[in-house]
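Chain residues, written in single-letter form:
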Amino acid sequence: NSRDGCLSSHGGWVTSVVSCADDATLVSGSRDNHLMIWNMTEQQTAGVPGVPVKCLEGHAHFVSSIAMSSDGAFALSGSWDHTLRLWEVATGRCIRTFKGHTKDVLAVAFSADNRHIISCGRDKTIRLWNTVGEVKKVYSDKPHSEWVTSVAITPSEAAEETLVLSAGWDNKVKAFKLLDGSHVADMEAHTGPVNSVVVSPDGTVAASAGKDGKVCLWKLTGEDKFTVSHTFDCGDHTINALAFCPTRFWLA
């Protein structure tokens, strides 16, 4: 069903929505434990913004996060069942289950070359995986002291230069090197738990937000990198998610 531009098919709260590279496909995750693949062009002439074409079943608890590979061929999901799953978008088939977290998985991310996967969760860990489901590293250098709620990977071409940014309920945003997990910086400006961190398409800016109602923009280049360039105050409203426009410096 659809009304006033709404997509309606899940049986629980929608927790994550991502678009594929073709802009014609959306993948959503929900507290109904399912992922849904949507075709956004099929019925637009009838005033319907999109239709569900596949329901992906496999998780045993809420789906908390979804990430797409850069070519749109694969979706990665994290769940409160402590696992990640890798899905083939064209068929809806789960081709890999990642096991290692001891509590709810709260966020997942692909590297720009799709060779590395990052996850985080309520076990307070950040984990680096390869695409066959093996844990390559658990970041232990100055880790978060509370739940890790969000992760983002800078779009560097060289893996050795790539950073992982994480947000946590210890009020901090942290930066780590992707491959060895070494701690690079603590980025402290928030006065409450941080729910989301994202990186701009060109990798020069990061944004974070959370329960303090503030959006902080962070410099990721230059001599003053990892410092706040701007802060936007949204009042007493908790901010749960952020997203950069893929082609412009717009932040939602």
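Note that the structure is a prediction, hence the values are computed from the model and not measured.

Draft legend 1. Representation of the overall build of the protein in the model. When helices and strands are counted, the protein shows zero helices and 20 strands. Since a compact globule built from 252 residues should have a radius of gyration of about 18 Å, the 18 Å found for the protein is in line with a globular shape. For the protein, the spread of C-alpha atoms along the three principal axes comes to 50 × 40 × 30 Å. Put simply, the protein has 252 residues, and 50% of those count as buried. Contacts in the protein between residues at least 24 apart in sequence constitute 40% of all its contacts with a sequence separation of at least 6. By element, 48% of the accessible surface of the protein is carried by carbon and sulfur atoms, the whole surface being about 12,100 Å².

Draft legend 2. How the structure looks around the environment of A189. With respect to the helices and strands, the residue A189 is situated in the loop between strand 16 (183-187) and strand 17 (194-199). Classification of A189 by relative accessible area gives partly exposed; the value is 32%. Considered as a pair, A189 and K174 are 15 residues apart in the sequence and their alpha carbons are 11 Å apart. Once residues lying within four places of it in the same chain are set aside, the contact partners of A189 are C216, W218 and V228.

Draft legend 3. A look at the pairing of strand 5 (residues 63-68). Within strand 5, six of the six residues are buried, which leaves it mostly tucked inside the rest of the structure. For strand 5 and strand 6 (residues 74-79), the ladder comprises five bridges, and the chain directions are antiparallel. If you follow V63 over to strand 6, its bridge partner there is S79. If you look at the hairpin formed by strand 5 and strand 6, you'll find five residues sitting between the two strands, and G72 has a positive phi there, around 75°.

Draft legend 4. Inspection of the environment of V138 at higher detail. Relative to the helices and strands, V138 is located in strand 12 (residues 135-138). On the basis of relative accessibility, which here comes to 34%, the residue V138 falls in the partly exposed class. Measuring from C-alpha to C-alpha, the distance between V138 and V199 comes to 22 Å, with 61 residues separating the pair along the chain. Setting aside anything within four residues of it in sequence, one finds V138 in contact with T125, I126 and R127.

Draft legend 5. Molecular detail of the sheet that holds strand 10 (residues 117-121). Pairing within the open sheet is antiparallel, and its four strands lie in the order 9-10-11-12. Each edge of the sheet is formed by a strand with only one pairing partner; in this case those strands are strand 9 (105-110) and strand 12. Shown here is a sheet whose adjacent strand axes are inclined to one another by a mean of 20°, direction ignored. Examined bridge by bridge, strand 10 and strand 11 (residues 126-129) share four bridges and lie antiparallel to one another. Pairing of S119 across the sheet is with R127, part of strand 11.

Draft legend 6. Focus on the pattern of salt bridges. Under the counting rule described, the total for this entry stands at six salt bridges. Of the charged contacts in the structure, one is a salt bridge between D104 and R122, with a shortest N-O distance of 2.5 Å. Of this pair, D104 sits in the loop between strand 8 (93-99) and strand 9 while R122 sits in the loop between strand 10 and strand 11, and the two are 18 residues apart along the sequence. D123 is paired through a salt bridge with R127; the nearest N and O atoms lie 3.7 Å apart. Just as D123 is buried, R127 falls in that class too. What emerges from the salt-bridge pattern is a single network uniting K172, K174 and D186.

Definitions and cut-offs
Residues numbered from 1 in each chain as written. Predicted model: local features only at pLDDT ≥ 70, side-chain atom pairs only at ≥ 80, totals over all residues. Heavy atoms only, no water. Helix = DSSP H or I, 4+ residues; strand = E, 2+ residues; numbered from the N terminus. Rg over C-alpha atoms; globule rule 2.2 N^0.38 Å. Buried < 20%, exposed > 50% of the residue type's maximum accessible area, 1.4 Å probe, protein only. Contact = heavy atoms within 4.5 Å. Areas by Shrake-Rupley, 256 points an atom, 1.4 Å probe, with all protein chains shown as cover. Pairing = 2+ DSSP bridges. Axes fitted to C-alpha atoms, helices over the stretch in contact; angles between N-to-C directions. Salt bridge = Lys/Arg side-chain N within 4 Å of Asp/Glu carboxyl O.

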